[in-house]
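Each chain, written out:
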Amino acid sequence: PRPSEGAHGFRESLPLVLVLREKLGFALNSTEVTKILMAQFVEVDGKVRTNPKYPTGFQDVISIPKSGENYRVLYDVKGRFQLHKIEDKEAQYKLCKVVQKYTGRQNTPYLRTHDNRVIRYPDPAAKIHDTIKINIRT
């Protein structure tokens, strides 16, 4: 299935239904995946997601609190998506690449990351192509 519009682009994302069914093996078909998601058992970057076509991309943290499992979406050597199992402490943050830095109204500094997060009043030392660490629990 085609991922819906969201934080990651079409070519750089994998729908949540494929992650749960094919990569993790939590369900046999998409109906079971929908039931799992509607029961609010899956979190992506600390937020409960119920859309089966929600796009998961590079450096996203997928958590299943009921089973206590956390995964980070990474690339393998051939450029395919791979789910890497991580600990609870590592699941509290995410690494993001700075894509754009600009000033808005009243000279308010902003920066935009690779997953379309916009951060107001960033550290002045952050430049384009830098990697920043974002706490996703807060």
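Peer 1: For the overall build of the protein chain, give the residues involved together with the corresponding values.
Peer 2: When you go through the protein chain residue by residue, the secondary structure sums to two helices and eleven strands. For the protein chain, the succession of helices and strands along the chain, N to C, is β-α-α-β-β-β-β-β-β-β-β-β-β. Relative to the globule expectation of 14 Å for 138 residues, the C-alpha radius of gyration of the protein chain, 16 Å, shows essentially globular dimensions. Projecting the C-alpha coordinates of the protein chain onto the three principal axes gives extents of approximately 50 × 30 × 30 Å. With 138 residues in all, the protein chain has 36% of them scored as buried. As displayed, the protein chain has an accessible area near 8700 Å², and 49% of this comes from carbon and sulfur atoms. A distance of 5 Å separates the average location of the 24 positive side-chain charges in the protein chain from that of its 15 negative side-chain charges.

Peer 1: Go over the layout of surface pockets with me, naming the residues and quoting the values.
Peer 2: Here the largest pocket is characterised by a volume of approximately 220 Å³. What lines the largest pocket is a set of 17 residues, among which V44, D45, K47, R49 and R117 lie closest to the centre. Tallied by class, the residues present in the lining of the largest pocket amount to six nonpolar, four polar and seven charged.

Peer 1: Account for the pattern of salt bridges, naming residues and giving values.
Peer 2: Any two side chains of opposite charge can pair, so long as their charged atoms come close to each other. In this structure the tally under the stated criterion is nine salt bridges. Close ionic contact of R21 with E22 constitutes a salt bridge, the shortest N to O distance being 2.9 Å. A salt bridge links E43 to R137; the shortest N-O distance between them is 3.9 Å. Here the residue E43 occupies a position in strand β2 (residues 43–44), and R137 occupies one in the segment after β11 (131–135), the gap between them amounting to 94 residues. The buried category is assigned to E43, whose relative accessible area is 18%.

Peer 1: Explain the side chain of D115 to me, and be specific about the residues and the numbers.
Peer 2: The topology assignment puts D115 in the loop between β9 (109–113) and β10 (118–120). Among the residues examined, D115 registers a relative accessible area of 5% and is labelled buried. Within polar-contact distance, the side chain of D115 engages the side chain of K94 at 2.6 Å. Side-chain polar atoms of D115 contact the side chain of T113, separated by 2.6 Å. Setting aside residues no more than four positions away along its own chain, D115 makes contact with A7, H8, K94 and C96.

Peer 1: Before we move on, could you go through the environment of I128 and cite the residues and values that matter?
Peer 2: Position of I128 relative to the elements: it lies in the loop between β10 and β11. Residues I128 and T113, 15 residues apart in the sequence, show an inter-C-alpha distance of 9.2 Å. Discounting residues that sit within four places of it in the chain, I128 has contacts with V98, V99, Q100 and K101.

Peer 1: How would you summarise the pairing of strand β8 (residues 93–103) if you had to cite specific residues and measurements?
Peer 2: As judged from the five bridges shared by β8 and β11, these two strands associate in the antiparallel manner. Looking at β11, one finds that K94 is bridged to I134. Taken together, the five bridges between β8 and β9 define a ladder with antiparallel strand orientation. Along β9, the bridge assignment pairs Q100 with R112. Connecting β8 to the antiparallel partner β9 that follows it, the hairpin turn spans five residues, and Q106 within it adopts a positive phi of roughly 55°.

Conventions and cut-offs
Residues numbered from 1 in each chain as written. Predicted model: local features only at pLDDT ≥ 70, side-chain atom pairs only at ≥ 80, totals over all residues. Heavy atoms only, no water. Helix = DSSP H or I, 4+ residues; strand = E, 2+ residues; numbered from the N terminus. Rg over C-alpha atoms; globule rule 2.2 N^0.38 Å. Buried < 20%, exposed > 50% of the residue type's maximum accessible area, 1.4 Å probe, protein only. Areas by Shrake-Rupley, 256 points an atom, 1.4 Å probe, with all protein chains shown as cover. Lys, Arg positive; Asp, Glu negative; His and termini not counted. Charge placed at Lys NZ, Arg CZ, Asp CG, Glu CD. 1 Å grid on protein atoms, 1.4 Å probe; cavity = no way out; pocket = protein on both sides within 12 Å on 5 of 7 lines; lining within 4 Å. Points joined across faces, edges and corners; volume = space filled by probe spheres on them. Nonpolar A, V, L, I, M, F, W, Y, C, P; charged D, E, K, R; others polar. Salt bridge = Lys/Arg side-chain N within 4 Å of Asp/Glu carboxyl O. Polar contact = N/O pair within 3.5 Å; in protein donor to acceptor, adjacent residues only side chain to side chain. Contact = heavy atoms within 4.5 Å. Pairing = 2+ DSSP bridges.

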